[in-house]
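Here is how the chains run, residue by residue.
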Amino acid sequence: MLVKIERAFMRLNRFTGKILAVLLLLMVINVFYDVVMRYFLHNSSVAMQEMEWHLFSVMFLFGISVALLDEGHVRVDFLYDRFSIRRKAIINIVGTVMFLVPLALLVLFGSLDYVVDSYQIQEVSEDPGGLPYRWLIKAMIPLSFGYLIFCSLGYTIKQINLLRNAGTDRRVEGKR
Amino acid sequence: MTGLVMFCAALAMLVVGYPVAFTFGSVSIFFGIIASVVYLQGDLSPALIAGEFFQMFSMMPFRIYAIMKNTILMAVPLFIFMGILLQRSDLAERLLEAMGSLFGRVRGGLAVSTVLVGTLLAASTGVVGASVVAMGVISLPVMLKYGYSKRLATGTICASGTLGQIIPPSIVLIILGDVFQQPVGDLFRAAVGPGLILVGCYIAYILIISVIHRRVAPAMPIDEDLTRRQSLGRALFAIVPPLTLIVMVLGSIFGGIATPTESAAVGCVGAVVLAALYRKLSWQVVEESALETVKITAMVFAILIGATAFSMVFVYTGADYLVEDILTNLPGQKWTFLILSMLVIMALGFFIDFIEISYIVVPILLPIAEIIGINPLWFAILIAMNLQTSFLTPPFGFSLFYLKGVCPPEVQTVDLYRGVIPFITIQVIVLCSIVIFPDFYGFH
């Protein structure tokens, strides 16, 4: 059961990763397009320039969750590397509950009003010709951290599975 | 006081090994609660504490939104993507073979060519791990085969691989530019001199040592299969395209034609063209490189968000004034401060990553440097140079880990540790020379 849930989370993660990879490529093309337009055709669009950081911020905000499930976040690992799988799993479970979730909750609930304010005044770009719907991009902050909390559930389940496997391995070794 | 305790507690918690970004963020939350309690002086009604606590973090969404809108930091994923694409098109392999065939016949030539390739890789990809691994896989066996000493070979590879930290375009310099609020282009320009001097010193050291100790770096026997012209042609095909790309990207930044972010995007397109030229381009390569880039970028920005929470509590508790008070009242102000901050960064560099140091420690030191009147560009380059050294220092230098991972079994960890010592010494000498002779490097 737990293994199945873990697999589902990893599938979801690969899917999200693919989307974000495409967003990154779009961002590269977007910036390149703007450079060409600006230097060769002397024609720049504020909307396109704002699109650059819209793509960029969605990419890195949701990327935090992808990196979590793919073990992409740096650790200070001079002790961690020497720990057993069991111990690593315990550190990760405790760390997720004690460290990751509180931070994500703080950002999630701390930014809700910020988005609501933006929606109520129907905030748009401060530059003429910029993009409308500022609340939409601002909403990515609570949304991405909400998604991070959701993914941390998958991460915890993954660690629980590692813990269980480590347990059975030991028993197998004991029988030999 | 709470802020300083938090700083130490955060460092202690990092050692456990949970991802840095979340550890920093949440240690700040716990200390934020403590700071609220301290502030309220014993009035422990939860509503008041909660009010004070949320007051402390009320700027959080604004700060995150500022990071999202920061077009300078947008250069980070672009340069990473460019680097990974180039790495995937086997740039390192080609360069090493080409340079080896050009310089191998000279005493110490293989090591010198490794340094030169490291320099080119630094200016194009700047991915330390990838450079060290590529050189470890390709040039280490060749050097060992032709009788180079293990120490010289491994030391050269580790040192050349870390050049990506100081030679622009480098991620460290972009991040420091953000922290220092200095134009990234200026930082890039300021780093060229020190970077090239460092390369020169490495090469000089290798040449001198291979003349003094004739056995550490013998000349390679002449390869009969290839004529000089053939090897020259191959070398040109390997060197000219990436060199063009480097000149284009750095040239447009230095010439003030384009911002680093714009140049980086052009560099990405250039890297795609290069990959096509070397017949390594496929959708799979592009997608995998993009995914890799997303993860590395997210990792960097997660730390930035964690560090933001940290700095909010740090400033709230007035710890910044405390540090300022202590450090501005030191005898011999400027020099004591410089030496002290360099020692602290170097010591921390033994254990933690350059990203954490840039986002946590540097912002604490920066206002003091401003008060004392230290040239920010100079200070930034000193820090970058210092952080580069931390990649080499045993026992936790990243380059050493990367190289150890691909070493043949007869090379022992001790060889690596001893091998990097002369290069660390060179680094420290160059660092000191920048401190003592800023004018020579163009800092005033």
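Residues numbered from 1 in each chain as written. Chains lettered and ligands numbered in written order. Predicted model: local features only at pLDDT ≥ 70, side-chain atom pairs only at ≥ 80, totals over all residues. Heavy atoms only, no water.

Scanning chain A for helices and strands turns up six helices and zero strands. The secondary structure elements of chain A, listed N-terminal to C-terminal, are α-α-α-α-α-α. By the compact-globule yardstick of 16 Å for 176 residues, chain A is too spread out, its C-alpha radius of gyration being 21 Å. For chain A, the spread of C-alpha atoms along the three principal axes comes to 75 × 40 × 30 Å. Taking the contacts inside chain A whose residues are at least 6 apart along the sequence as the reference set, 77% of them involve residues at least 24 apart. (Helix = DSSP H or I, 4+ residues; strand = E, 2+ residues; numbered from the N terminus. Rg over C-alpha atoms; globule rule 2.2 N^0.38 Å. Contact = heavy atoms within 4.5 Å.)

Glancing now at the nonpolar core. All names here are of chain B. Phe57, Phe79 and Phe379 are the most contacted members of the largest nonpolar core, which has 214 residues in total. A total of 18 residues in this core trace back to one element, the largest contributor, which is helix 14 (residues 283-316). Non-local contacts of Phe379, meaning those with residues more than four positions away in its chain, are made with Phe180, Phe337, Leu338, Ser341, Met342, Leu365, Ala369 and Ile374. (Core = buried A, V, L, I, M, F, W, Y, C linked by side-chain atoms within 4.5 Å. Buried < 20%, exposed > 50% of the residue type's maximum accessible area, 1.4 Å probe, protein only.)

Pairs of packed helices are described in terms of their axes, by the angle between the two and the distance that separates them. Residue and element names in this part refer to chain B. Packing of helix 16 (residues 333-349) against helix 17 (residues 354-372) leaves a shortest axis separation of 11 Å and a crossing angle of 175 degrees. Between helix 16 and helix 17, the angle is such that the two are roughly antiparallel. From helix 16, Gln333, Lys334, Phe337, Ser341, Ile345, Leu348 and Gly349 reach across to helix 17, where they touch Ile357, Val361, Leu365, Ile368, Ala369 and Ile372. Residue composition of the contact of helix 16 with helix 17, grouped by class: nine nonpolar, three polar and one charged. (Axes fitted to C-alpha atoms, helices over the stretch in contact; angles between N-to-C directions. Parallel < 35°, antiparallel > 145°, perpendicular 65-115°, else oblique. Nonpolar A, V, L, I, M, F, W, Y, C, P; charged D, E, K, R; others polar.)

Moving on, we get to the state of the cysteines. With the rule as written, the count across this model stands at zero disulfides over all chains. Left unpaired, Cys158 of chain B is separated from the closest cysteine sulfur, that of Cys407 of chain B, by 7.8 Å. (Disulfide = S-S within 2.5 Å.)

A cluster of like positive charges, contributed by Lys4, Arg7, Arg11, Arg14 and Lys18 of chain A, occupies part of the molecular surface. Residue Arg11 of chain A is classed as exposed on the basis of its relative accessible area of 52%. (Patch = residues over 30% accessible without salt bridge, like charges linked within 9 Å, V, L, I, M, F, W, Y side chains within 5 Å. Areas by Shrake-Rupley, 256 points an atom, 1.4 Å probe, with all protein chains shown as cover. Salt bridge = Lys/Arg side-chain N within 4 Å of Asp/Glu carboxyl O. Lys, Arg positive; Asp, Glu negative; His and termini not counted. Charge placed at Lys NZ, Arg CZ, Asp CG, Glu CD.)

In the structure shown here, the tally under the stated rule is 26 aromatic pairs over all chains. Here Tyr114 of chain A and Phe62 of chain B contribute two aromatic rings whose centre-to-centre distance is 4.7 Å and whose plane-to-plane angle is 65 degrees, an arrangement assigned as edge-to-face. Of the two residues, Tyr114 of chain A is situated in helix 4 (residues 85-120) and Phe62 of chain B in helix 4 (residues 60-68); the pairing between them involves two chains. You can call Tyr114 of chain A buried: its relative accessible area is 9%. Ring centres 6.1 Å apart and planes at 70 degrees place the aromatic pair Tyr114 of chain A and Tyr65 of chain B in the edge-to-face group. Taken together, the positions of Tyr114 of chain A in helix 4 and Tyr65 of chain B in helix 4 put the pair across two chains. Through pairs of rings, three or more aromatic residues link up here, namely Phe9, Phe62, Tyr147 and Phe150 of chain A. For the cation-ring pair, Arg87 of chain A lies above Phe83 of chain A, with the distance from its terminal atom to the ring centre recorded as 4.6 Å. (Phe/Tyr/Trp six-rings, centres within 6.5 Å; stacked < 30°, edge-to-face > 60°. Lys NZ or Arg CZ within 6 Å of the ring centre and 35° of its normal.)

In this section: unusual backbone geometry. For the peptide bond that leads from Pro168 of chain B to Pro169 of chain B, omega is -5 degrees, which places it in the cis range. Within the element layout of this structure, Pro169 of chain B appears in the loop between helix 9 (150-161) and helix 10 (171-180). Positioned with a positive phi, Tyr133 of chain A is a non-glycine residue whose angle comes to about 55 degrees. Mapped onto the elements, Tyr133 of chain A comes out in the loop between helix 4 and helix 5 (134-138). If you check the backbone angles, Gln181 of chain B has positive phi at about 55 degrees while not being a glycine.

What follows concerns helix 17 of chain B. At Val362 of chain B, helix 17 of chain B shows its largest kink, close to 50 degrees, and the proline Pro363 of chain B lies no more than four residues downstream. When you tally the buried positions in helix 17 of chain B, you get 15 out of 19 residues, the bulk of the element. (Bend = angle between axes of the 7 residues up to and from the residue.)

Moving on, we come to the pattern of salt bridges. Going through the model one piece at a time under the given rule, you end up with nine salt bridges over all chains. For Glu262 of chain B, the salt bridge goes to Arg38 of chain A, with nearest N and O atoms at 2.5 Å. With Glu262 of chain B in helix 13 (residues 260-277) and Arg38 of chain A in helix 1 (residues 2-40), this pair bridges two chains. For Arg38 of chain A, a relative accessible area of 33% corresponds to the partly exposed category. Here Lys69 of chain B makes a salt bridge to Glu126 of chain A, at a shortest N to O gap of 3.0 Å. In this pair, Lys69 of chain B is assigned in the loop between helix 4 and helix 5 (75-88) and Glu126 of chain A in the loop between helix 4 and helix 5, connecting two distinct chains. Exposure remark for Lys69 of chain B: the relative accessible area of 28% places this residue in the partly exposed category. Residue classification places Glu126 of chain A among the exposed residues on the basis of a relative accessible area of 53%.

Tallying the contact residues gives 57 residues for chain A and 61 residues for chain B. Both faces considered, chain A and chain B share a buried interface measuring about 5300 Å² in area, 82% of it formed by carbon and sulfur atoms. Broken down residue by residue, the surface that chain A buries against chain B is led by Val74, Val76 and Phe99 of chain A, which jointly contribute 14%. Between the two partners, chain A and chain B, sit three salt bridges. (Buried area = accessible area lost by both parts, 1.4 Å probe.)

As a further point, take the confidence of the model for chain B. Overall, the prediction assigns chain B a mean pLDDT of 87, with 98% of residues at 70 or greater. Two summary scores accompany this predicted model of the complex, namely pTM at 0.88 and ipTM at 0.91. (pLDDT = per-residue confidence, 0-100.)

All names here are of chain B. Topologically, Ser28 is positioned in helix 2 (residues 20-40). Within the local environment of Ser28, its side chain forms a polar contact with the backbone oxygen of Gly25, the two atoms lying 3.1 Å apart. When residues no more than four places from it in sequence are discounted, the contact partners of Ser28 are Met6, Phe57, Gly306, Ala309, Phe310 and Val313. (Polar contact = N/O pair within 3.5 Å; in protein donor to acceptor, adjacent residues only side chain to side chain.)

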